[in-house]
Amino acid sequence: MSKIMIIDDDRDIIDSISMILEANDFTVVSKMDTNNLITEIESENPDLILLDIVFPEDAQAGFKAARKIASEETIKKIPILVLSAVNQLNNLGFSFTENDISNDFMPVNGFIEKPVKPDVLLEKIKSLGIS
Amino acid sequence: MIVLSNRLIKNFSERLSKKSSDNIIYCIQDVHVKELVKRLNWSVKIRWYYIAISTFLIALSYLIIDQEIEKQTINLNFQYLLIANVFLFCCNLIYQYQLRDSSEQCLGTFDLRYYLLWQIVADYLALTLVIYALGSIETPIILMIIPNTILATLFFMPRQSLLIALSGLVVVISPLVLEYFQLIPMISIFNNTFKTLIFSNPYILFGYVFILFSCVIFCWYLLCSITSRLIKNELELERSYQDMIKLDEEKSHATLRSTHELKAPLAAIKNYVYTMNEGYAGEINDNVLKIINRIGKRCDYLLNNVTDIIKLGNLKSYVVLDVRSDKDNANQEHAQFYPINIEDYINDFIIKNKNLTYEKNITVTIKNEVSNECTDSDKFIMANDENLQLIFNNLFSNAINYSHANGIIDIILKDYENIFCVSIVDQGIGIEETQLNKVFEEHYRTNNAAQFYEGGTGLGLSIVKICSQILGANINIKSVFNEGTSVTICFKAGENSYE
């Protein structure tokens, strides 16, 4: 039984995603901000992180969190799926490819735009080898 | 180098506005240092041309002037001319070597002021020797002081450049004065006839020197005012550019925030709809499920509308920027174009988006009608993924949304010399001819379209139109009511196609 951590400031998104994941035998833990991020991830040790981008404290807090996770030796292997209402066409200036010269590289394993259909979410999680 | 540019920038910035921030000065500084190095390279190049041409002329004169005639009429002092050229040649070699060292990576490794001053002094010395060899006043060669005056005004502050120009003038007329007072031997290329006449009357000599001084002062004043104005404009332009970048960044942040604030609640509602619809929230009776699906559809409409309005707003601001500023730079800065093989792009696009056709069981066929003469390089267009995605996402989803179930969509690729066209042809509900010219208007939807597909926002084709405008592509729409619609977008082909 894999553990998935949802980091999102929207309680409704956490609840609806949790319903889908728990019904599919995943253990879900959640967090509504990016404070004490590393400590909490280390203590929960999830198999996957679902990460939002825009938080009330910072419009790009999700990007910063992803970079922070990727730079931390103990947790950098945990896959990250970005789950956000803003999509890649919103001039966010980030890219998933390391060689993209015009955008900042985002060290994440995938991007899902909200709202997400349950089967799309489950398929994406499965594609990362999480079951 | 940095010292000089600091002085230049600070001086002019202070004159312009006391509110100039350090950041702006710092940015402008880089621009100026690069500009100064460019000008230096230019002066070295000019000097090489001078050396080459004068050496050629000296050699030519030496060969063609008959020795007998020379003795009677023209008396050229080749040795002085050659010494001056060799001296300039050696100096220019040193300049070139130093400039190569001052590549952009190591600007500031030597002081530009002393370097320049040394160049100007060396030029004056060589020029003085040439002037003396050519009989001081007998030829207009003394006017060669003007290029050096130009050089000084380009690089130094007005007072410094005036001082340099006047000192130079004193140096180059010194042979004339020394000859007049017989402190050095008099050299004449025309057997003293012209020179004796001028030396016989001190007023003529004084008048000549006065005119020369006036010419130099006039050139200095003219160039100083032009250079000052140019630098002032450059500073204002740079400041406006910095402001524009700052505003653009602020706009991007605001767009991100507003997109999130508008979309996030709708996304949460829609996520609940998905959760309930698929039974994750327990059993729901059919009537409630119908209502939930209606909520979901209204949510989709709102989400699409919000997304399209924000996208359209973003795209419009690019177009405004393009009109106001230099078109090439504006587009490259904002849209970041790069060569894209349009044929491969369309093939990939259809593969990636084929799942959209499953719900209505629509068949998509690609008809490649590209001629054999069309090489791989002819298939490249200058574009970016963002605009192409917006164009083809909208055109393809329109074709699907307004097609009947089990319909057919043809994607036709064609080339016409330097033009590459992509047509998306559906056999859907079509558009009446009278309404065809309005379909690119914002929020415009035909009654027929609104009844056939509820989720449309009426913004898709407006977005397509603006994206085509940004990419420099032409768009054409043809339709027969109840038979289908064909939208063709034509790009200028070739890697340097963007104008």
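What comes next is a walk through the structure. (Residues numbered from 1 in each chain as written. Chains lettered and ligands numbered in written order. Predicted model: local features only at pLDDT ≥ 70, side-chain atom pairs only at ≥ 80, totals over all residues. Heavy atoms only, no water.)

A few points about the overall build of chain B
- When helices and strands are counted, chain B shows 15 helices and seven strands.
- Summarising the internal contacts of chain B: among those between residues at least 6 apart in sequence, 77% fall at separations of at least 24.
- About 27000 Å² of surface is accessible on chain B, with carbon and sulfur atoms providing 59% of the total. (Helix = DSSP H or I, 4+ residues; strand = E, 2+ residues; numbered from the N terminus. Contact = heavy atoms within 4.5 Å. Areas by Shrake-Rupley, 256 points an atom, 1.4 Å probe, with all protein chains shown as cover.)

Description of the sheet that holds strand β6 (residues 474–480) of chain B
Residue and element names in this part refer to chain B.
- The strand order across the open sheet built from five strands is β2-β4-β5-β7-β6, with neighbouring strands paired in mixed fashion. The open sheet has two edge strands with one neighbour each: β2 (363–368) and β6. Taking each pair of neighbouring strands and ignoring which way they run, the sheet shows an average axis angle of 15 degrees.
- In the sheet, β2 pairs with strand β4 (residues 408–416) via six bridges, with the strands oriented parallel. Its bridge partner lying in β4, Thr363 is registered against Ile408. (Pairing = 2+ DSSP bridges. Axes fitted to C-alpha atoms, helices over the stretch in contact; angles between N-to-C directions.)

A few points about unusual backbone geometry
- Following Lys114 of chain A, the chain continues into Pro115 of chain A via a peptide bond in cis, with omega recorded as -5 degrees.
- Mapping Pro115 of chain A onto the fold places it in the loop between β7 (110–113) and α4 (118–127).
- For Asn482 of chain B, which is not a glycine, the phi torsion comes out positive at approximately 70 degrees.
- Following the sequence through the fold, Asn482 of chain B ends up in the loop between β6 and β7 (484–492).
- Under the relative-accessibility criterion, Asn482 of chain B is labelled exposed at 54%. (Buried < 20%, exposed > 50% of the residue type's maximum accessible area, 1.4 Å probe, protein only.)

Some thoughts on the pattern of salt bridges
- In total, this model carries 15 salt bridges over all chains according to the counting rule given.
- Between Asp123 of chain B and Arg47 of chain B there is a salt bridge, with its nearest N and O atoms 2.9 Å apart. Of this pair, Asp123 of chain B sits in helix α5 (residues 112–133) while Arg47 of chain B sits in helix α2 (residues 22–64), and the two are 76 residues apart along the sequence. For the pair shown, Asp123 of chain B and Arg47 of chain B are each scored as buried.
- The salt bridge involving Glu454 of chain B is made with Arg294 of chain B; its shortest N-O contact spans 3.4 Å. A residue pair is termed long-range when its members are at least 10 positions apart, and Glu454 of chain B in the loop between α14 (447–452) and α15 (460–471) and Arg294 of chain B in helix α10 (residues 286–324) qualify at 160 residues.
- In this structure Arg294 of chain B comes out as partly exposed when scored by relative accessible area, which is 40%.
- Connected through shared salt-bridge partners, Asp8, Asp52 and Lys114 of chain A make up one network. (Salt bridge = Lys/Arg side-chain N within 4 Å of Asp/Glu carboxyl O.)

Let's talk about the interface of chain A and chain B
- The interface is formed by 34 residues belonging to chain A together with 26 residues belonging to chain B.
- Summed over both partners, the interface of chain A with chain B buries about 2600 Å², with 61% contributed by carbon and sulfur atoms.
- One can count one salt bridge joining chain A with chain B.
- Here chain A is connected to chain B by six residue pairs in polar contact (both at pLDDT 80 or more). (Buried area = accessible area lost by both parts, 1.4 Å probe. Polar contact = N/O pair within 3.5 Å; in protein donor to acceptor, adjacent residues only side chain to side chain.)

Structural notes on the packing of aromatic side chains
Residues and elements named next belong to chain B.
- Inspection of every chain in the model, using the stated rule, returns nine aromatic pairs over all chains.
- Taking 5.7 Å as the distance between ring centres and 50 degrees as the angle between the ring planes, the aromatic pair formed by Tyr80 and Tyr132 counts as tilted. You can see Tyr80 sitting in helix α4 (residues 78–101) and its partner Tyr132 sitting in helix α5, a full 52 residues away along the chain.
- The class for Tyr132 is buried, based on a relative accessible area of 11%.
- Between Tyr402 and Tyr453 the ring centres are 5.8 Å apart and the planes differ by 90 degrees, which places this aromatic pair in the edge-to-face class. (Phe/Tyr/Trp six-rings, centres within 6.5 Å; stacked < 30°, edge-to-face > 60°.)

Description of the sheet that holds strand β1 (residues 3–7) of chain A
Residues and elements named next belong to chain A.
- Taken together, five strands build an open sheet; the order of strands is β2-β1-β3-β4-β7 and the sheet is parallel. The two strands at the open ends of the sheet, each matched to only one other strand, are β2 (27–31) and β7. Neighbour-to-neighbour, the strand axes of the sheet open up by a mean angle of 20 degrees, direction not taken into account.
- As judged from the five bridges shared by β1 and β2, these two strands associate in the parallel manner. By the bridge assignment for β2, Ile7 is matched with Lys31.

Quick word on the packing of helix α2 (residues 37–44) of chain A against helix α3 (residues 61–71) of chain A
Residue and element names in this part refer to chain A.
- Direction vectors running N to C along α2 and α3 enclose 55 degrees, while the axes themselves pass 10 Å from each other. As summarised for this structure, α2 and α3 are arranged oblique, according to the angle between their axes. Here α2 and α3 pass one another in a crossing that is right-handed. The residues of α3 that touch α2, namely those facing Leu37, Ile38 and Ile41, are Ala65, Lys68 and Ile69.
- Looking at the contact of α2 with α3 residue by residue, the class counts come to five nonpolar, no polar and one charged. (Parallel < 35°, antiparallel > 145°, perpendicular 65-115°, else oblique. Left-handed = near helix turned anticlockwise from the far one by under 90°. Nonpolar A, V, L, I, M, F, W, Y, C, P; charged D, E, K, R; others polar.)

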